[in-house]
Amino acid sequence: SSGINAEYGGKVTGGSSSGSAAAVASGLIPFAIGTDGGGSIRIPSSFCGVCGLKPTFGLFSCVGSAIRKSTVTSAGVIANNVADVALVTCLIANHALDPRFFCPSADKVPLHGISDKTLKDITLGVYPEYVSYADPQIKKVFSRIKEKLKNVREIELEELYLSKTAHFNLLFAETVHERQIWNDQYKTLNPVTNIIYSVLTRSSLRQYMMSSAQKTRAMNMFKRVFKKVDLLISPTTACLPKDILPSDLTYGVIDEEYALWSLWFVFMANLCGLPSITLNAGYTEHGLPVGVMITGPWWSEDLVLGTARQLETQLNKPSRFYSPI
């Protein structure tokens, strides 16, 4: 789902926490809470030029939201800058651990302040082949970001296509289950959305079990990767915000290819429950925002936020940024 981008009129916001990101970007509110099952915080934050954090799975409670039983979805924070995201995360996280998925490691997350390590102290991993699929204008902005970093190491992420399929299968199956819980509310959805849900119901138990096994393989892969690097860095999306056509507002639209490119970099953090943050990295020659994403090992929110803050201070903020909370 998407809405009208408040800062870049006529463009999509991305979704599905589209209203949250648009409201923050327009200055209506200082921060918002969203849910992220497939980049739904990070994609609209990137398209609107703001900052969004999907924390470690289970750090924020999803109780009270429409997404309550998903194993790939986390609640998180959208704000205009990293410091505001860190502040709201500190206020919420230690008081709202998800009671269904509580992990004993959660009480070791140092959220009293973000990490004071400098960029030269942190090894950032980049998978060049993966980044090569991004839009040329996005790659141009991302290359400028890499030049500012002191310690970048090339890494490889294994079985990405299998993991992408596993993420979709888990997300679709669990979304269908949520629909059964909230059936009355789903009756008000438009025809296009209902068509999507009818397709999702085709997910089988066998697919779900195989996807869960692939999720375990992916998590073990990340354990190996994070022995080599501290964090991962990539563009947030492989595509830029696209135009909204008048017919889209009237009838809705299904653009599977565009959705896949939007999800290109974000899905692994959902599948494996990793903390991941996007911040505005700059703009294309046509003035469209480009996000950069930093992803870390489980329960490393302080390092993820601290590194994002260090990087943010080296970037020139546009005048539309509002005062911190």
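In this report, the structure presented in the accompanying data block is examined.

Conventions and cut-offs
The numbers attached to residues start from 1 for each chain and follow its sequence in the written order. Per-residue local features are limited, in this predicted model, to residues with pLDDT of at least 70; the limit for side-chain atom pairs, both in listing and counting, is 80 or more; totals at the level of whole chains, interfaces and linings are taken over all residues. Think of the side-chain values as coming from all heavy atoms in the structure, minus any hydrogens and water. Any Lys or Arg side-chain nitrogen found within 4 Å of a carboxyl oxygen on Asp or Glu counts as a salt bridge. Helix numbers and strand numbers start at the N terminus; a helix is a DSSP run of H or I with at least 4 residues, a strand a run of E with at least 2. Three exposure classes are used, based on accessible area relative to the maximum for each residue type with a 1.4 Å probe and protein chains only: buried under 20%, partly exposed in between, and exposed over 50%. Any two strands with at least two DSSP-identified bridges between them are counted as paired. Only buried residues count toward a nonpolar core, which is a set of Ala, Val, Leu, Ile, Met, Phe, Trp, Tyr and Cys residues joined through side-chain atoms within 4.5 Å. The contact rule is simple, with two residues in contact once any of their heavy atoms fall within 4.5 Å.

1. Some remarks on the pattern of salt bridges
One pass over the structure, following the stated rule, counts 6 salt bridges. A salt bridge links Lys-11 to Asp-243, with the nearest nitrogen and oxygen atoms 2.6 Å apart. Separated by 232 residues along the polypeptide, Lys-11 in the segment before helix 1 (18–25) and Asp-243 in the loop between strand 6 (231–235) and helix 10 (246–251) bring together distant segments of the chain. Lys-11 sits in the buried class, given a relative accessible area of 18%. Take Asp-243: its relative accessible area is 46%, and that puts it in the partly exposed class. A salt bridge links Arg-42 to Asp-36, with the shortest nitrogen-to-oxygen separation between them at 3.0 Å. For Asp-36, a relative accessible area of 0% gives the class buried.

2. Considering the pairing of strand 7 (residues 276–283)
Most of strand 7 is tucked away, with 7 of its 8 residues classed as buried. Pairing geometry for strand 7 and strand 8 (residues 289–295), over 7 bridges, is antiparallel. Bridge pairing in strand 8 places Thr-278 opposite Met-293. Count of turn residues in the strand 7/strand 8 antiparallel hairpin: 5 residues, of which Gly-287 carries a positive phi of about 85°.

3. Here we look at the nonpolar core
The biggest cluster of nonpolar side chains holds 77 residues, and the ones touching the most others in it are Leu-157, Phe-222, Ile-233, Ile-277 and Ile-294. In this structure Leu-157 touches Tyr-127, Tyr-130, Met-221, Phe-222, Val-225 and Leu-232, once residues within four positions along its chain are discounted. Counting residues in each nonpolar core, the second largest holds 8 residues, with Ala-25, Ala-32, Ile-41 and Cys-48 among its members.

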